[in-house]
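# Descriptive structure summary
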Amino acid sequence: MSFIEQLALHRSIRHFTDEDVPTPVIERLLAAAMRGSPSSGNFNAYSVVLTRDSERKRRLWELHRRQGAVAEAPLLLTFCADFHRFRRWLRLSGAPDNFDNFLGFLVAEIDAIILAQTFALAAEAEGLGICYLGTTLEATREIAEALSLPKTVFPAIALALGHPAEAPAARDRLPLSGILHEERYVEQDDAGIAAIYAEKERRGFERYAGEASRASLLQATGSANLAQFYMSELKYSPERIRLGARSLLDHLYETDFMNNGDEETNP
Ligand SMILES: Cc1cc2nc3c(=O)[nH]c(=O)nc-3n(C[C@H](O)[C@H](O)[C@H](O)COP(=O)(O)O)c2cc1C
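Residues numbered from 1 in each chain as written. Predicted model: local features only at pLDDT ≥ 70, side-chain atom pairs only at ≥ 80, totals over all residues. Heavy atoms only, no water.

Phi at Arg 65 takes a positive value of approximately 55 degrees, unusual for a residue other than glycine. By the secondary structure assignment, Arg 65 is in the loop between helix H3 (54-63) and helix H4 (68-72). In this structure Arg 65 comes out as partly exposed when scored by relative accessible area, which is 47%. The backbone phi angle of Arg 66 is positive, close to 55 degrees, even though this residue is not glycine. (Helix = DSSP H or I, 4+ residues; strand = E, 2+ residues; numbered from the N terminus. Buried < 20%, exposed > 50% of the residue type's maximum accessible area, 1.4 Å probe, protein only.)

Now the structure itself:
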């Protein structure tokens, strides 16, 4: 199978068999992912924490909003933005630490996320299933505590990993015409925006409305369309997302990642 054919088979997997994924398999995939991932300055500013232990996994399940995929997966991988190791090396080498700021955070965060996605592709190529856990961003402080992360090791994203116990249908994507711009960005008018989202609206809303339980959820939230449902209290409500954003920013200020030369204005 070509690599491009493999990409077409991607599905997020949320149900897993009980079969374990042994650590040597993870090591092989991770080594391949490191090899296949570019890294800013080649700092390799990431670390990965594996969680198998049932008690710790239960704690992470709670922190990831009790998602079923976390409970079912034999293994969780938390990809972390890590300048802790690099900074210690700088200190040992008598070099200044110029990345103790928001730019440094983004550099490490991007490194970690590129590694996570390359790892995900490698895992899928070997027949494993993955589900990203964006809930990582809503509980970074608590996840950092659960995994004993030092101050400048920041949870970037987590993956639930295991052997798939489901074969879900492919989910929609926006049409290429809606995302590709030649030379300069072309803004759409309202009709253009509606056209770009028409298929998502149809398929996404059908997906929720098609299942009886979800249909009643839609009714309960008074949602008339997919966009309203997405922003309802059952999905990405303002309370949930603002709380998550606040806690993320507060945690960032507690780390050594935010020495941006404006300390007096930092909260
Ligand atoms: C950064 C990121 C965070 C995500 N977080 C979650 C999550 O917390 N729970 C979940 O079930 N799926 C999560 N997903 C998976 C998306 O829901 C999924 O990729 C999307 O619906 C498209 O489906 P597909 O991956 O099967 O094509 C996340 C994906 C990404 C890239």
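Still to come is the rest of the account.
Lining the immediate environment of the ligand, one finds 13 residues, of which His 10, Ser 12, Arg 14, Gln 67 and Arg 173 sit closest. At 2.6 Å from an oxygen atom of the ligand is found a side-chain nitrogen or oxygen belonging to Ser 12. Here an oxygen atom of the ligand and a side-chain polar atom of Arg 14 are 2.6 Å apart. Placement of the ligand is best described as lying within the largest pocket. Per element, the largest residue contribution to the shell around the ligand is three residues, and it comes from strand S3 (residues 129-133). Residues belonging to the shell around the ligand are distributed by class as follows: four nonpolar, five polar and four charged. (Near = heavy atom within 4 Å. Polar contact = N/O pair within 3.5 Å; in protein donor to acceptor, adjacent residues only side chain to side chain. 1 Å grid on protein atoms, 1.4 Å probe; cavity = no way out; pocket = protein on both sides within 12 Å on 5 of 7 lines; lining within 4 Å. Sits in = over half its atoms within 2 Å of the grid points. Nonpolar A, V, L, I, M, F, W, Y, C, P; charged D, E, K, R; others polar.)

This part covers the packing of aromatic side chains. This structure, assessed with the given rule, holds twelve aromatic pairs. Ring geometry for Phe 43 and Phe 86: centres 4.3 Å apart, planes at 35 degrees, overall tilted. Of the two residues, Phe 43 is situated in the loop between helix H2 (23-36) and strand S1 (46-51) and Phe 86 in helix H5 (residues 84-92); the sequence distance between them amounts to 43 residues. With a relative accessible area of 24%, Phe 43 lands in the partly exposed category. (Phe/Tyr/Trp six-rings, centres within 6.5 Å; stacked < 30°, edge-to-face > 60°.)

Position of His 251 among the secondary structure elements: in helix H12 (residues 238-254). Among the polar contacts made by the side chain of His 251, one reaches the main-chain amide nitrogen of Arg 141 at a distance of 3.3 Å. Apart from residues no more than four positions distant in its own chain, His 251 is found in contact with Thr 140, Arg 141, Ala 144, Phe 154 and Pro 155. (Contact = heavy atoms within 4.5 Å.)

Of all eight residues that make up strand S2 (residues 75-82), eight are buried, and the element is covered over most of its length. Side chains Leu 75, Leu 77, Phe 79 and Ala 81 project from S2 onto one buried face, and the interleaved Leu 76, Thr 78, Cys 80 and Asp 82 project onto a second face that is buried too. In this sheet, strand S4 (residues 153-162) lies alongside S2 in antiparallel orientation, the contact comprising eight bridges. Along S4, the bridge assignment pairs Leu 77 with Leu 159. (Pairing = 2+ DSSP bridges.)

Closest axis-to-axis distance for the H2/helix H6 (residues 102-125) pair is 8 Å, and the angle between their directions is 125 degrees. Taken together, the axis directions place H2 and H6 in an arrangement best described as oblique. Between H2 and H6 lies a crossing whose hand is right-handed. Of the residues in H6, those touching H2 at Ile 26, Leu 29, Leu 30, Ala 33, Met 34 and Gly 36 are Leu 115, Thr 118, Phe 119, Ala 122 and Ala 123. (Axes fitted to C-alpha atoms, helices over the stretch in contact; angles between N-to-C directions. Parallel < 35°, antiparallel > 145°, perpendicular 65-115°, else oblique. Left-handed = near helix turned anticlockwise from the far one by under 90°.)

What follows deals with the sheet that holds S2. With antiparallel pairing, the four strands of this open sheet are ordered in space as S1-S2-S4-S3. Strands at the two margins of the open sheet, each flanked by one partner only, are S1 and S3. Going from strand to strand, the sheet's axes swing by 25 degrees on average, the running direction of each strand aside. Relative to S4, H6 is tilted by about 10 degrees, and along the sheet it contacts S1, S2, S3 and S4.

With that out of the way, let us pick up the environment of Ala 95. Relative to the helices and strands, Ala 95 is located in the loop between H5 and H6. Taking C-alpha positions, Ala 95 is 17 Å from Phe 257, a pair spaced 162 residues apart along the chain.

Let us now look at the layout of surface pockets. A volume near 1,800 Å³ is recorded for the largest pocket. Along the walls of the largest pocket sit 44 residues, with Arg 14, Gln 67, Arg 171, Lys 235 and Tyr 236 positioned nearest its centre. Within the residue set of the lining of the largest pocket, elements represented by two or more residues are helix H1 (3-8), H4, S3, helix H9 (190-210), helix H10 (212-221), helix H11 (226-230) and H12. Partitioned by chemical class, the residues of the lining of the largest pocket number 20 nonpolar, nine polar and 15 charged. The volume enclosed by the second largest pocket comes to roughly 250 Å³. Leu 9, His 10, Arg 11, Glu 124 and Leu 128 are, among the 14 residues lining the second largest pocket, the residues nearest its centre. (Points joined across faces, edges and corners; volume = space filled by probe spheres on them.)

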